[in-house]
Amino acid sequence: MAKSITPEKQDPIVIVGAGVFGLSTAIHLCRRGYSDVTVLDKQPYDESLYSYLKGADAASADINKIVRSAYGSQTEYQDLSSEAIPEWHAWNAELKAGTLVPPGMSTKDAVFVPNGSISLSTSVDLPPWELACIEGMENSGHKSTQLATTITSHRDIAARRGLQSFMDPFQRERRGKHNTGVLDSTGGMAIADKACRFALHKARGLGAKFIFGEHAGCMKELCYRDLKVIGVKTRDEKIHLAAMTILACGGWTPVLLPELDGLCEATAGSVMLFKIPEGSPLWDRLGADKFPTWMWNMRNGAEGGLYGFPRDENGWFKVGYRGTKYTNPLRQSDGKERSTPVTRWSTAEKDGSVSAGSNFTSFPQQAHEVLSGFLNEYLPELSEEGIDISLTRVCWYTDTFDNHYVVDRVPNKEGLMVATGGSGHAFKFLPNIGNWVVDIMEQTAMDRPAVKAWRWRSVGQEQPVNTLMEGCSGPRALQNIGLLQEVSLQSKRKAKL
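Thresholds, definitions, all that
- Residues numbered from 1 in each chain as written.
- Predicted model: local features only at pLDDT ≥ 70, side-chain atom pairs only at ≥ 80, totals over all residues.
- Heavy atoms only, no water.
- Helix = DSSP H or I, 4+ residues; strand = E, 2+ residues; numbered from the N terminus.
- Buried < 20%, exposed > 50% of the residue type's maximum accessible area, 1.4 Å probe, protein only.
- Contact = heavy atoms within 4.5 Å.
- Areas by Shrake-Rupley, 256 points an atom, 1.4 Å probe, with all protein chains shown as cover.
- Lys, Arg positive; Asp, Glu negative; His and termini not counted.
- Charge placed at Lys NZ, Arg CZ, Asp CG, Glu CD.
- Polar contact = N/O pair within 3.5 Å; in protein donor to acceptor, adjacent residues only side chain to side chain.
- Pairing = 2+ DSSP bridges.
- pLDDT = per-residue confidence, 0-100.
- Core = buried A, V, L, I, M, F, W, Y, C linked by side-chain atoms within 4.5 Å.
- Axes fitted to C-alpha atoms, helices over the stretch in contact; angles between N-to-C directions.
- Parallel < 35°, antiparallel > 145°, perpendicular 65-115°, else oblique.
- Left-handed = near helix turned anticlockwise from the far one by under 90°.
- Expected span 1.5 Å × (residues − 1).
- Nonpolar A, V, L, I, M, F, W, Y, C, P; charged D, E, K, R; others polar.
- Salt bridge = Lys/Arg side-chain N within 4 Å of Asp/Glu carboxyl O.

### Some thoughts on the overall build of the protein chain
Then, number 1: A count of helices and strands for the protein chain gives 14 helices and 24 strands.
Then, number 2: Dimensions of the protein chain, computed from C-alpha atoms along their principal axes, come out at roughly 70 × 50 × 45 Å.
Then, number 3: Split into buried and exposed, the 497 residues of the protein chain put 59% on the buried side.
Then, number 4: When contacts within the protein chain are restricted to residue pairs at least 6 apart in sequence, long-range pairs at least 24 apart make up 73% of them.
Then, number 5: For the protein chain, the exposed surface amounts to about 19,300 Å²; the carbon and sulfur share of it is 51%.
Then, number 6: The distance from the centre of the 55 positive side-chain charges to the centre of the 57 negative ones in the protein chain is 2 Å.

### With respect to the environment of proline 364
Then, number 1: Position of proline 364 relative to the elements: it lies in strand β20 (residues 363-364).
Then, number 2: Note: C-alpha distance between proline 364 and isoleucine 481 (117 residues apart in sequence) is 7.0 Å.
Then, number 3: When near neighbours in sequence (up to four residues on either side) are disregarded, proline 364 contacts Ser270, Tyr326, Val394, Ile481, Gly482 and Leu483.

### Some words on the side chain of serine 60
Then, number 1: Checked against the element boundaries, serine 60 lands in the loop between α2 (45-48) and β3 (65-67).
Then, number 2: Judged by its relative accessible area of 9%, serine 60 is buried.
Then, number 3: In terms of polar contacts, serine 60 uses its side chain to reach the backbone amide nitrogen of valine 20, at 3.0 Å.
Then, number 4: Once residues lying within four places of it in the same chain are set aside, the contact partners of serine 60 are Gly19, Val20, Ala192, Cys196 and Phe427.

### Focus on the sheet that holds strand β8 (residues 188-190)
Then, number 1: If you walk across this open sheet you meet the three strands as β3-β8-β4, and the pairing is antiparallel. Single-partner strands in this sheet number two, and they are β3 and β4 (112-113).
Then, number 2: Relative to β8, β4 is paired through two bridges, and the arrangement is antiparallel. When the bridges of β8 are listed, phenylalanine 112 appears paired with alanine 190.

### Focus: the pairing of strand β17 (residues 316-326)
Then, number 1: Among the 11 residues that make up β17, 10 are buried, leaving the element largely enclosed by the rest of the structure.
Then, number 2: Across seven bridges, strand β14 (residues 264-275) lies against β17 in antiparallel orientation. Opposite serine 270, over in β17, you have tyrosine 321 as the bridge partner.
Then, number 3: Relative to β17, strand β16 (residues 306-308) is paired through three bridges, and the arrangement is antiparallel. Residue pairing for β17: glycine 308 is matched across the bridge by valine 319.

### Focus: the pairing of strand β23 (residues 416-420)
Then, number 1: With five of five residues buried, β23 is to be regarded as a mostly interior element.
Then, number 2: Summarising the sheet, strand β13 (residues 244-247) and β23 pair through three bridges and their orientation is parallel. Of the residues in β23, the one forming a bridge with threonine 245 is leucine 416.
Then, number 3: The pairing of strand β22 (residues 406-409) with β23 spans four bridges and is antiparallel. Within β23, the residue paired with arginine 409 across the bridge is methionine 417.
Then, number 4: Counting the residues between successive antiparallel strands, the hairpin from β22 to β23 contains six residues, one of them, asparagine 412, with a positive phi of roughly 65°.

### Concerning the confidence of the model for the protein chain
Detailed reading of the predicted coordinates is not advisable wherever pLDDT is low.
Then, number 1: For the protein chain, the average pLDDT comes to 93, and 93% of its residues sit at 70 or higher.
Then, number 2: For residues 347-360, every residue scores under 50 in pLDDT, and the model assigns this stretch 27 contacts once sequence neighbours within four places are set aside.

### A closer look at the nonpolar core
Generally speaking, soluble globular proteins have nonpolar side chains that are buried together.
Then, number 1: Counting 62 residues, the largest nonpolar core has Phe21, Trp88, Phe210, Tyr405, Phe427, Leu430 and Trp454 as the members making the most contacts within it.
Then, number 2: Ignoring anything within four residues of it in the chain, the contact list for phenylalanine 427 reads Val20, Ser60, Lys65, Trp88, Ala190, Ala192, Ala195 and Cys196.
Then, number 3: The next biggest cluster of nonpolar side chains, apart from the first, holds 42 residues, and it includes Phe170, Ala268, Leu282 and Tyr326.

### Here we look at the packing of helix α1 (residues 20-31) against helix α7 (residues 192-206)
Then, number 1: As a packed pair, α1 and α7 sit with axes 9 Å apart at the nearest point and diverge in direction by 25°. Between α1 and α7, the interaxial angle falls into the category roughly parallel. Crossing angle aside, the handedness with which α1 passes α7 is left-handed. Every residue of α7 that contacts α1 at Leu23, Ala26, Ile27, Cys30 and Arg31 is listed here: Cys196, Ala199, Leu200, Lys202, Ala203 and Leu206.

### Regarding helix α4 (residues 128-139)
Then, number 1: With 12 residues, α4 should reach 16 Å at 1.5 Å per residue; the first-to-last C-alpha distance of 16 Å fits that figure.
Then, number 2: Of all the residues in α4, the buried ones are Trp129, Glu130, Cys133, Ile134, Gly136 and Met137.
Then, number 3: In this fold, the buried residues of α4 make contact with α3 (75-97), β5 (117-121), β6 (146-148), α5 (152-160) and β7 (180-184).
Then, number 4: Following α4 by one or two positions, glycine 141 has its phi on the positive side, about 90°.

### Structural notes on the packing of α3 against α7
Then, number 1: Between α3 and α7, whose axes approach to 12 Å, the crossing angle comes to 75°. Put simply, α3 runs roughly perpendicular to α7. Across from Trp88, Trp91, Glu94 and Leu95 in α3, the residues of α7 making contact are Ala195, Phe198, Ala199 and Lys202.
Then, number 2: Its residues assigned to classes, the contact of α3 with α7 shows six nonpolar, no polar and two charged.

### Quick notes on the pattern of salt bridges
Then, number 1: Under the counting rule described, the total for this entry stands at 32 salt bridges.
Then, number 2: Among the salt bridges present, the one from aspartate 62 reaches arginine 393, with a minimum N-O distance of 3.8 Å. Of the two residues, aspartate 62 sits in the loop between α2 and β3 while arginine 393 sits in strand β21 (residues 389-400), which places them 331 residues apart along the sequence. Neither residue differs from the other here; aspartate 62 and arginine 393 are each classed as buried.
Then, number 3: The partner of arginine 338 in a salt bridge is aspartate 261, and the shortest N-O contact between them spans 2.8 Å. Here arginine 338 is found in strand β19 (residues 337-339), whereas its partner aspartate 261 is found in the loop between α8 (253-256) and β14, with 77 residues between them in sequence.
Then, number 4: Counted as one network, the salt bridges with shared partners bring together Asp57, Asp62, Lys65, Lys318 and Arg393.

Laid out in structure tokens, this is it:
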């Protein structure tokens, strides 16, 4: 690997992508004294305000995201979470005090809600992952933060702290059904769109420049001098010179950088949103003051991998599915098939390498069946009150074969880094992940476990967590699965009741 020279503080740095990695890196570059930081993104985030409901469509553009500390035996991420959560509270404090209030937000807003995060299971006994989460947190000095529903002393702690409803969010015990899970009382949820707006405003205040738009903000190609990357050209044909270019493009990164083949791939999660009427009994019950962020059977393959959140201030109740991670393989200009995100912005692409593949309003039938089956069992009140699906979304993430991020310099391309591969669990680190990206750019403290895990790598002898690049013949490809249009989703769910 060619060893890049670390940029000087006055050298230009270009970040492609204004999601979690790009925003956080811009903040921390400016904090370190880098004075010429430019972030490019094709989406007009100053207009959409990172809201999916207002047209934004990226993994970071969302209503809410899970925040948790416990990571089982993966203490490198546990430590990263323990570093991030105080920063989330500090951001809330800045908002409340009026120290930093983005346009359109107020001192009443919050970017983090500490409503806890519970990992639920259909097992009668606590699964190994949940046991490892308790052990990992206790061994690092965070005692009594992980509360198991099956341990009497933990239930007593929860009762003293007024967390009974968070320990049994779906009221299983009242129905005479078993309730197995572990509540991470340090966690909760990030209000994703507001958090991105806050981070954008913070980065701008520190001196970072942002260029948005499908022409001025959209990368067309990397620019080279000999073998060195010297910046990017955007679709308006402008060249943005840089001593270091950082690709942080989420699901588009593997398409833009073929060197990531076998290491990263764009995969889709499936999301349903319900609108809870303010007069419904569920309005109070599903509020964040009583209802936690939750995960269910996260390691149970295609029949598990569910998660969700309390209803938000507008009544949106979101549930998601990642038990099957769908792909959209399309043949690229070099003849290889790479999974390509299907978003509202797919049709804006002008070259032949990117296509919508299928209508972005389509929804995987399998995901619909798994989510509907769960809700019929765990939250039958939705159907009893006639509250049906209001909106669906297919959300594109960037998976790696081992679920570790990729934050490193690109081999044999001096002047180029990637910060990608969030694998569905990076947003919680919005306040602090950029500090680590800058460390890696500066090549400091490279022996830390997380930094080692994020290095450029290839599949080794161990079985990968995710099988990537199965191509058009793969069982997860959108071309090979049943898809439902939004108009048919309600009738499909009602037919199962």
